[in-house]
Amino acid sequence: MVTMLPSPRPTCIVLFLISVLLIGPGGAGHYEPNWNSLDARPLPGWYDEGKIGIFVHWGVFSVPGYSQFSEWFWYWWKHDQRADVVQFMKRNYPPDFKYADFANKFHAEFFDPNEWADIFKASGARYIVFTSKHHEGFTNWPSETSWNWNSMDVGPHRDLVGELAAALKKRSLRLGLYHSMYEWFNPLYLSDKASGFKTQHFVAMKTLPELRFLVETYRPDLIWSDGDWEAPDTYWNSTQFLAWLYNDSPVKDEVVTNDRWGLGCYCKHGGYYNCADRYSPSKLPDHKWEKCQSIDSRSWGYRRDMKFIEVMDLPSIIKDMVAVVAMGGNYLLNIGPMADGMIAPVFEERLRGLGAWLQINGDAIYSTTFWRNQTENNTVEVWYTTKNSTVYAILLGWPSNQPFHLTTPKISATTSVTLLDYPDMRLKWKPLTPTDGLMILMPLMPPSHGNAWTLKLEGVA
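If you're wondering where the values come from, they're calculated on a predicted model, not measured in any experiment.

The rules behind the values
Throughout this document, residue positions are counted from 1 along each chain, in the order its sequence is written. A pLDDT threshold of at least 70 governs which residues receive local features in this predicted model, and a stricter bar of 80 or more applies before side-chain atom pairs are shown or counted, although totals over entire chains, interfaces and linings include all residues. The basis for every side-chain value is the complete set of non-hydrogen atoms in the structure, without hydrogens or water. Strand pairing is defined by DSSP finding a minimum of two bridges between the two strands. Runs of E in the DSSP output that reach at least two residues are strands. Runs of H or I that reach at least four are helices, and both are numbered from the N terminus. By convention in this document, the label disulfide applies to cysteine sulfur atom pairs within 2.5 Å. Only protein chains enter the calculation, and the probe is 1.4 Å; a residue is then buried if its accessible area is under 20% of its type maximum, exposed if over 50%, and partly exposed in between. Pairing of aromatic rings covers Phe, Tyr and Trp, the last through its six-membered ring, and needs centres within 6.5 Å; plane angles under 30 degrees mean stacked, over 60 mean edge-to-face, and all others mean tilted. Polar contacts, as counted here, are pairs of nitrogen or oxygen atoms within 3.5 Å of one another; within protein the pair requires one atom able to donate a hydrogen and one able to accept it, and residues that are adjacent in sequence qualify only if both atoms are side-chain atoms. Pairs of residues are marked as contacts when any of their non-hydrogen atoms sit within 4.5 Å. For helices, the fitted line uses only the C-alpha atoms of the stretch in contact; every axis is such a line through C-alpha atoms, and the angle between N-to-C directions lies from 0 to 180 degrees. Should an angle lie under 35 degrees it is considered roughly parallel, over 145 roughly antiparallel, and from 65 to 115 roughly perpendicular; all remaining angles are considered oblique. Crossings are sorted by hand: turned counterclockwise from the far helix by less than a right angle, the near helix makes the crossing left-handed, and turned clockwise it makes it right-handed. Classification convention: Asp, Glu, Lys, Arg as charged; Ala, Val, Leu, Ile, Met, Phe, Trp, Tyr, Cys, Pro as nonpolar; all other residues, Gly among them, as polar.

J.: Could you clarify how one ought to interpret the sheet that holds strand S6 (residues 289–294) in this entry?
T.: By definition, the strands of a sheet pair up through backbone hydrogen bonds, in either a parallel or an antiparallel sense. Overall, parallel pairing links the seven strands, which are arranged S5-S4-S3-S2-S1-S7-S6 in an open sheet. Bordering the open sheet on either side are strand S5 (256–257) and S6, each of which pairs with just one other strand. One ladder, built from four bridges, connects strand S1 (residues 52–56) with strand S2 (residues 127–133); its direction is parallel. Within the sheet, the bridge partner assigned to isoleucine 54 lies in S2 and is isoleucine 128.

J.: Sorry, what's going on with the state of the cysteines here?
T.: Each disulfide consists of a covalent bond between the sulfur atoms of two cysteine residues. In this structure the tally under the stated criterion is one disulfide. Each disulfide pairs two cysteine sulfurs, and for cysteine 267 the partner residue is cysteine 275, the sulfurs being separated by 1.6 Å. Disulfide cysteine 267-cysteine 275: torsion about the S-S bond near 100°, hence right-handed. Classification of cysteine 267 by relative accessible area gives partly exposed; the value is 33%. The exposure class assigned to cysteine 275 is buried, which follows from its relative accessible area of 8%. Free of any disulfide, cysteine 265 has its nearest neighbouring cysteine sulfur in cysteine 267, separated by 11 Å. Take cysteine 292: it sits in no disulfide, and the sulfur closest to it among the cysteines is that of cysteine 275, at 10 Å.

J.: What exactly am I supposed to notice about the packing of aromatic side chains here?
T.: The relation between two aromatic rings is expressed through the spacing of the ring centres and the mutual angle of the planes. Under the criterion given, the structure shown has 52 aromatic pairs. Aromatic side chains tyrosine 47 and tyrosine 127 sit 5.4 Å apart centroid to centroid with 45° between the ring planes, which places their arrangement in the tilted category. Highlighted residues: tyrosine 47 in helix H3 (residues 45–50) and tyrosine 127 in strand S2, separated in sequence by 80 residues. Seen in terms of ring centroids, phenylalanine 213 and tyrosine 218 are 6.2 Å apart; in terms of plane orientation they differ by 75°. Their pairing is edge-to-face.

J.: Explanation requested: the side chain of aspartate 296 in the structure shown.
T.: The residue aspartate 296 is located in the loop between S6 and helix H12 (314–326) in this model. On the basis of relative accessibility, which here comes to 2%, the residue aspartate 296 falls in the buried class. A polar contact of 2.9 Å, which involves the side chain of aspartate 296, links it to the side chain of arginine 303. Not counting residues within four places of it along the chain, the set of residues in contact with aspartate 296 comprises Arg278, Gly301, Arg303, Met306, Glu310 and Phe347.

J.: Even after reading the chapter, I still don't get unusual backbone geometry, so can you show me in this structure?
T.: Peptide bonds are trans in most cases, and residues, glycine excluded, mostly fall at negative phi. The amide bond that connects glutamine 402 to the next residue, proline 403, takes the cis arrangement and shows omega of -10°. Here proline 403 lies in the loop between strand S10 (390–396) and strand S11 (404–410). Within the chain, phenylalanine 197 stands out as a residue other than glycine whose phi angle is a positive 60°. Residue position: phenylalanine 197 is located in the loop between helix H8 (187–194) and helix H9 (201–218). Here phenylalanine 197 falls in the buried class, since its relative accessible area comes to 16%. For arginine 219, which is not glycine, the phi torsion reads 50° and is therefore positive.

J.: Could you clarify how one ought to interpret the packing of H9 against helix H11 (residues 238–247) in this entry?
T.: In a pair of packed helices, the angle between the axes and the distance between the axes together describe the arrangement. In contact at an axis separation of 12 Å, H9 and H11 are set at 15° when each is read in the N-to-C sense. Put simply, H9 runs roughly parallel to H11. Note that H9 runs across H11; the crossing there is right-handed. Residue-level inspection shows Leu208, Leu211, Arg212, Val215 and Glu216 of H9 in contact with H11, the latter providing Phe241, Trp244 and Leu245. Taken together, the residues that form the contact of H9 with H11 break down as six nonpolar, no polar and two charged.

What is shown is where atoms sit, not what they do.
Rendered as structure tokens:
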């Protein structure tokens, strides 16, 4: 007589799969799978030193390329049934057209990863965050867990992540990968959601296999997690994944992560803090942070209906970036390429303009930290950064009156002032008071398409 053993319960199978996915080759590591341990990990230095990144939102949503936040097009159409999106589809597509049909039109025929990488290098960025998968679930790599809904099986028939990763590496640019933890209409996720997230089928069969594959295959320097907010981190098994990432993964020493790892994690847990899209703190944060900002003020993904007035101009970008860096943050500037793989000329122009400004003024940005005073009221807006014993005063506009007054720095017998446009020419100055402030005789105004100039102050406190 054969005794039949009971079949394992589905929950046990899922937990077993999760444990297998998160067991690394090196065994137990230094960081434990809890926030107290993980949050104590020092942030790898390259991230704070780099300051500037480029965010890239690209996927099937780039094909319709319509309406505010175009990367949410499928959700606006089928879930929220927004009137403008519904009418757009009725006017332009047959009644039986499905969102999945857009993937066949995502050809990326003009995508040249080397050309992209050249533009990114010219922008002065130190790291690139590329959309590996957005909330629609389409993966920009040949994912085994996303059959016929990835860039190798349909559309471009190319490994977009892999090609860009190789091009960035040639130019010594750091690779970051944006990854959405959830997918709007994935049946596994919807089933877990219906259970009150008591089951984890989607996590075991989709999220964790994807994350582990991305890390082991492309070895990103940064993981920009998103799409986590409907469920707690315990559902996502975030702490277990991060413990593996920090202890045993091939990028354990260099990888940087953000704070989007489950409901309630924003601005509390993770590597650096995003807190919210376009986050702009009113006072100096006590934790490393990043502002993500899109050049198109109405969308992260490309919009075919984008108007010029809705695009940030170069002075606005530089002003935003300078304020972020002076407040101790990193600046992640977003573009949305077209479905065919072209970067819109207006985006390229902005990126190259930023790079041209950084070529002159980069010493006041890269590897700097916040100063004791971040800004001061003046005839023009002034922001301060510092590096070693040098203080930089970044002027967002050219002073209309001579001499120009800086009230914050404390002078000394060794104080000297130069303009980064003319690094070999010391400027004449006098003290405002015996110990504080400077009256600086400014030279002829050098050109700056960014409408921003930097004074280098040495021998001040």
